[in-house]
Amino acid sequence: MKRAVYPGSFDPMTYGHLDIIKRASKVFDELTVSVLDNKGKTPLFSVNDRVNILKDATKDLPNVKIDSFSGLLIDYAKKYDIHVAVRGLRAITDFEYELQLAQTNRKLSKGALDTIFLTTSLEYSYLSSSGVKEIARFGGDISECVPDFVADLIFERLKEIDGR
Ligand code: PNS
């Protein structure tokens, strides 16, 4: 069985992520999308919320599982006997960081975890979670960036935070 993990912060999931998930789910028999529980960052959404958003958005994709992890990706992948990580590449600006991540994971895992890149569809190549949050913070239109239910959750969460 060909299995892969798509790790990320997904704070929040965008149409760009969803595009990668849908396409990777056609390449692998099973794709686990795993949300990093990064104690060092202050995310907009809790890990639980991010997992639930991903579950809702991928409910029609039977071979996609949603999970979360903390610590090193190579340890998580080893635990579940996964040998491929999937990452999306939007533009050349992503390349340096992604190359470093992929090389580090391959070195640390002694070759057990390799990375496969999918180039983001052109229509989503401008999208990033941080960009979406910034647009929303200033009351902009994010309807082309995230599914409607995610947009609602973002505005609700921003209201909670700002007391708006
Ligand atoms: O969506 P992001 O924030 O670009 O995802 C980054 C992620 C989660 C893939 C990366 O930070 C990660 O795998 N972190 C887990 C810790 C780890 O394994 N670090 C070693 C590689 S530098």
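A. Spatial organisation of a nonpolar patch on the surface. On the surface, Ile92, Phe95 and Leu99 cluster together to form a nonpolar patch covering roughly 300 Å² of accessible area. The exposure class of Phe95 is partly exposed, given its relative accessible area of 37%.

B. Spotlight on the site of the ligand. Surrounding the ligand, one finds Pro7, Gly8, Ser9, Leu36, Phe69, Gly71, Leu72, Leu73, Arg87, Tyr97, Leu101 and Asn105. Leu73 is positioned with one of its backbone polar atoms (N or O) 2.8 Å from an oxygen atom of the ligand. In the complex, 74% of the free accessible area of the ligand, which totals 560 Å², lies under the protein chains. Judged by the fraction of its atoms near the pocket grid, the ligand is located in the largest pocket. Of the residues forming the shell around the ligand, the biggest block, three residues, is contributed by helix 4 (residues 92-108).

C. Representation of the nonpolar core within the structure. In this structure, Ile21, Leu31, Val33, Val86 and Ile154 are the most contacted members of the largest nonpolar core, which totals 35 residues. Elements with a contribution of two residues or more to this core: strand 1 (3-8), helix 1 (15-27), strand 2 (30-36), helix 2 (47-57), strand 3 (64-69), strand 4 (84-89), helix 5 (129-137) and helix 6 (148-162). Ignoring any residue separated from it by four or fewer positions in sequence, one finds Val33 in contact with Tyr6, Phe10, Ile21, Leu54, Val64, Lys65, Ile66 and Asp67. Grouped together as the second largest cluster of nonpolar side chains are nine residues, Tyr76, Ala77, Ile82 and Leu113 included.

D. Quick look at the layout of surface pockets. Estimates place the volume of the largest pocket at around 1000 Å³. Counting residues per element, the ones that place at least two in the lining of the largest pocket are strand 1, helix 1, strand 4, helix 4 and helix 5. Ranked by the residues each element gives to the lining of the largest pocket, the list is headed by helix 4, at nine residues. A breakdown of the residues in the lining of the largest pocket according to their chemical character gives 16 nonpolar, 16 polar and eight charged. Volume-wise, the second largest pocket comes out at about 160 Å³. A total of four residues in the lining of the second largest pocket trace back to one element, the largest contributor, which is helix 3 (residues 73-79).

E. Summary view of the pattern of salt bridges. A full pass over the atoms with the stated rule returns nine salt bridges. Here Asp94 makes a salt bridge to Arg90, at a shortest N to O gap of 3.0 Å.

F. Highlighting the packing of helix 5 against helix 6. Helix 6 packs onto helix 5 with a crossing angle of 65 degrees between their chain directions and a minimal axis gap of 10 Å. When the axes of helix 5 and helix 6 are compared, the crossing they make is right-handed. Side by side, helix 5 and helix 6 meet where Val132, Lys133, Ala136 and Arg137 of the first sit next to Ile154, Phe155 and Leu158 of the second. Classifying every residue of the contact of helix 5 with helix 6 by side-chain character gives five nonpolar, no polar and two charged.

G. Seen up close, helix 2. Considered for burial, the residues of helix 2 that qualify are Val47, Arg50, Val51, Ile53 and Leu54. Down the axis of helix 2, the buried set is contained in an arc of 160 degrees. They therefore lie on one face. For helix 2, the elements touching its buried residues are helix 1, strand 2, strand 3 and helix 6.

H. Geometry of unusual backbone geometry. Along the chain, Asp11 connects to Pro12 via a cis peptide bond; the corresponding omega equals 0 degrees. Relative to the helices and strands, Pro12 resides in the loop between strand 1 and helix 1. Backbone geometry at Phe10 places phi at a positive 50 degrees, although glycine is not the residue there. Looking at the secondary structure, you find Phe10 in the loop between strand 1 and helix 1. Since its relative accessible area comes to 3%, Phe10 is described here as buried. Although it is not a glycine, Lys110 adopts a positive phi angle of roughly 55 degrees.

Rules used throughout
Residues numbered from 1 in each chain as written. Predicted model: local features only at pLDDT ≥ 70, side-chain atom pairs only at ≥ 80, totals over all residues. Heavy atoms only, no water. Patch = residues over 30% accessible without salt bridge, like charges linked within 9 Å, V, L, I, M, F, W, Y side chains within 5 Å. Areas by Shrake-Rupley, 256 points an atom, 1.4 Å probe, with all protein chains shown as cover. Salt bridge = Lys/Arg side-chain N within 4 Å of Asp/Glu carboxyl O. Buried < 20%, exposed > 50% of the residue type's maximum accessible area, 1.4 Å probe, protein only. Near = heavy atom within 4 Å. Polar contact = N/O pair within 3.5 Å; in protein donor to acceptor, adjacent residues only side chain to side chain. 1 Å grid on protein atoms, 1.4 Å probe; cavity = no way out; pocket = protein on both sides within 12 Å on 5 of 7 lines; lining within 4 Å. Sits in = over half its atoms within 2 Å of the grid points. Helix = DSSP H or I, 4+ residues; strand = E, 2+ residues; numbered from the N terminus. Core = buried A, V, L, I, M, F, W, Y, C linked by side-chain atoms within 4.5 Å. Contact = heavy atoms within 4.5 Å. Points joined across faces, edges and corners; volume = space filled by probe spheres on them. Nonpolar A, V, L, I, M, F, W, Y, C, P; charged D, E, K, R; others polar. Axes fitted to C-alpha atoms, helices over the stretch in contact; angles between N-to-C directions. Left-handed = near helix turned anticlockwise from the far one by under 90°. Arc of directions from axis to C-beta.

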